[in-house]
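Remarks on the overall topology
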Amino acid sequence: MENLPGEITSDILSRVDAGSISPAKQVCKTWRGLLDHIKMGLILSSKGNPPRILYTDFDTLINSAGSTDVRIGSRNTIFEEFKPPVEGYSHFPFIGSCNGLLCVSLPMDHDSFRRDGAPSHIFNPITGEFAKLPGLDSPAMSILYHAGGFGYLHTTNEYKVVRICREKSETGQMALKVEVYTLGGDCGWRNKGHIPLCKLQSLGMLANGALYWLDYEGKRIVSFDLRDEKVRLVEPPPPLFSTGEEFRLLVEPPLPLSRMTSFRLRVLSGYLCLVHQKLGDCLDVWLLKKKNATGNAWGMEFGIKLEGSLYTDHDLITITKTDEVLFCCKSRILCCYDLKTKALREFWERDSNSCSFQAIPHMKSSISLKGLGEKSVAWGSLAL
């Protein structure tokens, strides 16, 4: 690439997926300089009438902590707003974000039957394109949907949506059916077989070319490799083998202090991580950086001392390039923890006007769904 014109090199590097940006910066100074211009940010789906989809980059967000402009409801907000892909819903839960494309689901409080978060649309807020995924018109789909994920495979430049639903297997036993949809593949949902019935974290986490879910009942990690499209089990870090603790996504009072704990899978700097939170005490982050001869090499990356209410849940969102960890508290407040100064701060004060929202990392791009072969509908510029 040394002999390529600068604008071509820049265009190529602009297509690097979010999880590969950090490793790519280590190649050379030229790449680092070009990749530093790719800004990662935060995209939020806030519940309301009407619902709102908002975006801001991390630098702007961190520098605005404590300002009245950062509040979601502020007129002078730092957030850029985009229209949802369809109208008539109270909010749009995110399934995942890959290189500027969002996979969203329809909320469960609409229509005469229950829609339980099944992947429904892929859309790019910047270009205004969206594509409706097939197979959402059946009430059975909304009732039986269990978990899902959205991923990108850079070796083949393919975007894949995975959905996992409950149904009877060939043996007559209830099991989880795994299906895959490839954007532009024109093959619809492809059946990849069944796995034993378990209780999975609903959102799959994308890292190293695979999607990962936490099995809350089996205390294990389930992965789906986007390359060979096979399901595998991943050896978890030591905290999942601990005994005497209540193992669940979210713990509500009253429970003894020794049992108030939660586990989540997240992705930090492109690596899969397990977040182990003891409510009102601490939060430990374990990272899976590499594999060794004996299996997966998990390591405790950092811990955070939590203060405040014993029942305040801190949902880790991401870590910025300045080593500041972003959290969502009670689905209403954005928080930031500085790993250098050990300071925990809120971006706005809690009050009755705070709206419920979901936040995930997101990178702006102009990737075209039509260019990927999808039958998309464009409605022009979405910025409000």
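Residues numbered from 1 in each chain as written. Predicted model: local features only at pLDDT ≥ 70, side-chain atom pairs only at ≥ 80, totals over all residues. Heavy atoms only, no water.

Description of the sheet that holds strand β10 (residues 174-182)
A sheet is described by the order of its strands in space; here four strands give the open sequence β8-β9-β10-β11, paired in antiparallel fashion. Two strands lie at the open edges of the sheet, namely β8 (145-153) and β11 (190-196), each paired on one side alone. Taken pair by pair, the neighbouring strands of this sheet meet at an average axis angle of 25°, ignoring direction. Summarising the sheet, β8 and strand β9 (residues 158-168) pair through eight bridges and their orientation is antiparallel. By the bridge assignment, Y145 is partnered in β9 with C165. (Pairing = 2+ DSSP bridges. Helix = DSSP H or I, 4+ residues; strand = E, 2+ residues; numbered from the N terminus. Axes fitted to C-alpha atoms, helices over the stretch in contact; angles between N-to-C directions.)

Re the packing of aromatic side chains
Enumeration according to the criterion identifies three aromatic pairs in this entry. Seen from their ring centres, F150 and Y159 are 6.2 Å apart, and the 25° between their planes marks the pair as stacked. Neither F150 nor Y159 differs from the other in exposure class; each is buried. Each residue in the set F150, Y152 and Y159 is aromatic and connected to the rest through ring pairs, giving one cluster. Geometry around W189 places R163 over its ring, the cationic atom sitting 4.0 Å from the centre. Over the aromatic face of Y271 sits the side chain of K289, whose NZ or CZ is 5.7 Å from the ring centroid. (Phe/Tyr/Trp six-rings, centres within 6.5 Å; stacked < 30°, edge-to-face > 60°. Buried < 20%, exposed > 50% of the residue type's maximum accessible area, 1.4 Å probe, protein only. Lys NZ or Arg CZ within 6 Å of the ring centre and 35° of its normal.)

Some thoughts on the pairing of β8
With nine of nine residues buried, β8 is to be regarded as a mostly interior element. Where β8 folds back onto β9 in an antiparallel hairpin, the turn is made up of four residues, including N157, whose phi is positive at roughly 55°.

Some details on the pattern of salt bridges
Following the criterion strictly, the structure yields 17 salt bridges and no others. Across the salt bridge formed by D59 and K321, the nearest N and O atoms sit 3.8 Å from each other. Of the two residues, D59 sits in helix α4 (residues 58-63) while K321 sits in the loop between β20 (314-319) and β21 (324-329), which places them 262 residues apart along the sequence. In this structure D59 comes out as partly exposed when scored by relative accessible area, which is 29%. The shortest N-O distance in the salt bridge between E301 and K289 comes to 3.8 Å. One end of the pair, E301, is in strand β19 (residues 295-305); the other, K289, is in strand β18 (residues 282-292), with 12 residues separating them in the sequence. Overall, the relative accessible area of 47% leaves K289 in the partly exposed class. Each of E158, K160, R190, K192 and E229 takes part in a single network of salt bridges with overlapping partners. (Salt bridge = Lys/Arg side-chain N within 4 Å of Asp/Glu carboxyl O.)

With respect to the nonpolar core
Among the nonpolar cores identified, the biggest contains 19 residues, and L101, I122, F150, Y159, V161, L183 and L369 are the most heavily contacted of them. Setting aside chain neighbours within four positions, we find I122 in contact with L101, L102, C103, E129, F130, A131, L133, F150, V161, L183 and L369. V285, L287, L306 and F327 belong to the second-largest nonpolar core, a separate cluster that totals 18 residues. (Core = buried A, V, L, I, M, F, W, Y, C linked by side-chain atoms within 4.5 Å. Contact = heavy atoms within 4.5 Å.)

Such coordinate-based values are descriptive only and should not be taken to indicate function.
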